[in-house]
Amino acid sequence: MPHWYIFHEQKLLLCKHSDGTYSIPCASQSPISLENDVQPRTLHISAAQPPVMTVSLSQPFVDTDTLVMMDLRESYHHLPSADYLAAGKCREILYWDSQTQYCGHCGTPLSAHTEISKKCPSCGREAWPLLAIAVIVLVRRGDQALLVKAQNFRRDYYGLVAGFVETGETLEECVAREVWEETHIRIKDIRYYGSQPWPYPCGLMVGFTARYESGTLLLQKEELGGGGWFTLNNLPELPAQGSIAREMIDDWISEQKIREQ
């Protein structure tokens, strides 16, 4: 039986169990009644996983004792990694589907072509989901790390410098540019760290580390509400678990603790 990834906006339907755990609904048919005009779609998440079903609701589902809607970000703390990642991909596809109804060339309504593409029946142009690629960087200066608080952060925590890649630049060039624009410092030794799908709504975060080279910290007030150099002894509130930003910061913390031993 397939797993059902059912969304209303950014909220995901989960089974709530008596022991306080949660899981993705698994059934031959939808676990809830769907609107007449809503058609679930089949997605193959990966070759190693069976296909799943996903659908977007136009109206919120009212929680019951056994089925609840949970914010996708929050579900990270309650689902196995594979289920959370599958939910993220489903959400991205549903978002893309809702935002890609007409051909960008001739304006004709698009038709389904493959599981993750559409095709214009008039001019033949194909449409595929697009990723918004962003870089994120942890900058070191001796035993310090550069942490900043973006103006759009929901909570009062400090994370890492990040920004979207522009046309005509490499990822490394984007890292250097974003750090300069937001903090007015120069960096060197830019190294790839890792990446993370970020379905909010359709992003890919590419992580890097770098070392301070020169300059005095001058924050870009339009983007940042705070920032500075921090050591293990004066860390501010950090991002929640689940983000690549927190993973990179935690790795830096572990490295610093080892050095202090």
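This text goes with the structure placed above it.
Residues numbered from 1 in each chain as written. Predicted model: local features only at pLDDT ≥ 70, side-chain atom pairs only at ≥ 80, totals over all residues. Heavy atoms only, no water.

**Student:** Is there a simple way to think about the layout of surface pockets in this case?
**Tutor:** Regions of empty space are outlined by a rolling probe, equal in size to a water molecule, passed over the atoms. Its boundaries defined by the atoms lining it, the largest pocket holds a volume of some 1300 Å³. Forming the boundary of the largest pocket are 46 residues, of which Arg73, Asn152, Phe153, Tyr157 and Trp198 lie nearest the centre. Going through the elements one at a time, helix 1 (72–75), strand 10 (132–141), strand 11 (144–150), strand 12 (161–164), helix 3 (171–183), strand 13 (186–198), strand 14 (203–214) and helix 4 (244–260) are the ones with two or more residues in the lining of the largest pocket. Residue contributions to the lining of the largest pocket peak at 4 residues, all from strand 12. Tallied by class, the residues present in the lining of the largest pocket amount to 24 nonpolar, 12 polar and 10 charged. Roughly 320 Å³ of volume is contained in the second largest pocket. Lining the second largest pocket are 15 residues, with Val55, Ser56, Leu94, Asp97 and Ser98 positioned closest to its centre. In terms of residue count, the dominant contributor to the lining of the second largest pocket is helix 2 (residues 81–99) (6 residues). A breakdown of the residues in the lining of the second largest pocket according to their chemical character gives 4 nonpolar, 7 polar and 4 charged. (1 Å grid on protein atoms, 1.4 Å probe; cavity = no way out; pocket = protein on both sides within 12 Å on 5 of 7 lines; lining within 4 Å. Points joined across faces, edges and corners; volume = space filled by probe spheres on them. Helix = DSSP H or I, 4+ residues; strand = E, 2+ residues; numbered from the N terminus. Nonpolar A, V, L, I, M, F, W, Y, C, P; charged D, E, K, R; others polar.)

**Student:** How do you make sense of the packing of aromatic side chains when you look at a structure like this?
**Tutor:** The description of an aromatic ring pair uses the distance of the two centres, along with the angle that the planes make with each other. Here the structure, examined in full by the defined rule, presents 5 aromatic pairs. Note on tyrosine 158 and phenylalanine 230: the rings are 5.6 Å apart at their centroids and 65° apart in plane angle, and the pair reads as edge-to-face. Linking tyrosine 158 in the loop between strand 11 and strand 12 with phenylalanine 230 in strand 15 (residues 224–230), this pair joins segments that are 72 residues apart in sequence. A single burial state applies to tyrosine 158 and to phenylalanine 230, both of which are buried. The aromatic ring of tryptophan 96 is capped on one face by lysine 118, whose charged end is 5.3 Å from the ring centroid. Just above the ring of tyrosine 212 sits the side chain of arginine 141; from NZ or CZ to the centre is 5.5 Å. (Phe/Tyr/Trp six-rings, centres within 6.5 Å; stacked < 30°, edge-to-face > 60°. Buried < 20%, exposed > 50% of the residue type's maximum accessible area, 1.4 Å probe, protein only. Lys NZ or Arg CZ within 6 Å of the ring centre and 35° of its normal.)

**Student:** Sorry, what's going on with the nonpolar core here?
**Tutor:** Proteins that are soluble and globular tend to have nonpolar side chains buried together. Ranked by size, the top nonpolar core spans 19 residues in total, and within it Tyr5, Phe7, Leu12, Leu14 and Cys90 carry the most contacts. Those elements that place two or more of their residues in this core are strand 1 (4–8), strand 2 (11–16), strand 6 (67–71) and helix 2. By residue number, the principal contributor to this core is helix 2, which donates 6 residues. Leave out the neighbours within four places in its chain, and phenylalanine 7 touches Leu12, Thr54, Val55, Ser56, Leu57, Met69, Leu72, Ala87, Cys90, Arg91 and Leu94. (Core = buried A, V, L, I, M, F, W, Y, C linked by side-chain atoms within 4.5 Å. Contact = heavy atoms within 4.5 Å.)

**Student:** Please explain the pattern of salt bridges as it appears in this structure.
**Tutor:** Side-chain pairing between opposite charges can occur once the charged atoms of the two side chains come close. Under the defined criterion, the tally for this structure stands at 10 salt bridges. Arginine 177 is the partner of glutamate 169 in a salt bridge, and the nearest nitrogen-oxygen pair spans 2.8 Å. The residues glutamate 169 and arginine 177 share a single accessibility class, namely buried. The partner of glutamate 178 in a salt bridge is arginine 177, and the shortest N-O contact between them spans 3.2 Å. We classify glutamate 178 as buried; its relative accessible area is 9%. Accessibility expressed as a relative area gives 15% for arginine 177, which makes it buried. Look at the salt bridges and you will find they share partners, linking Glu166, Glu169, Arg177, Glu178 and Glu181 into a network. (Salt bridge = Lys/Arg side-chain N within 4 Å of Asp/Glu carboxyl O.)

**Student:** Any chance you could explain the side chain of arginine 246 here in plain terms?
**Tutor:** Structurally, arginine 246 can be placed in helix 4. Contact partners of arginine 246, with chain neighbours within four places excluded, come to Leu238, Pro239, Ala240 and Gln241.

**Student:** Can you walk me through unusual backbone geometry in this structure?
**Tutor:** That bond from tyrosine 200 to proline 201 is cis: its omega, 5°, falls within 30 degrees of zero. Counting through the fold element by element, proline 201 comes out in the loop between strand 13 and strand 14. Unusually for a residue other than glycine, histidine 184 sits at a positive phi of about 65°. Within the secondary structure, histidine 184 sits in the loop between helix 3 and strand 13. Owing to a relative accessible area of 35%, histidine 184 belongs among the partly exposed residues under this scheme.

**Student:** What's the story with the pairing of strand 13 in this structure? I'm lost.
**Tutor:** The two faces of a sheet get side chains in turn, since along a regular strand they alternate between them. Two elements, strand 13 and strand 14, share 10 bridges in a ladder whose sense is antiparallel. Each bridged residue has a counterpart across the sheet, and for tyrosine 192 the counterpart in strand 14 is phenylalanine 208. Hairpin remark: strand 13 followed by strand 14, antiparallel, with 4 residues in the connecting loop. (Pairing = 2+ DSSP bridges.)

**Student:** Is there a simple way to think about the sheet that holds strand 9 (residues 126–127) in this case?
**Tutor:** Backbone hydrogen bonds are what pair the strands of a sheet, in a parallel or an antiparallel way. If you trace the 3 strands from one edge of the open sheet to the other, you get 7-8-9, paired in antiparallel fashion. With one partner strand each, in any of the chains shown, strand 7 (111–114) and strand 9 form the two edges of the open sheet. Bridge analysis of strand 8 (residues 117–119) against strand 9 gives 2 bridges, and the strand direction is antiparallel. Within strand 9, the position partnered with lysine 119 by the bridge is glutamate 126.

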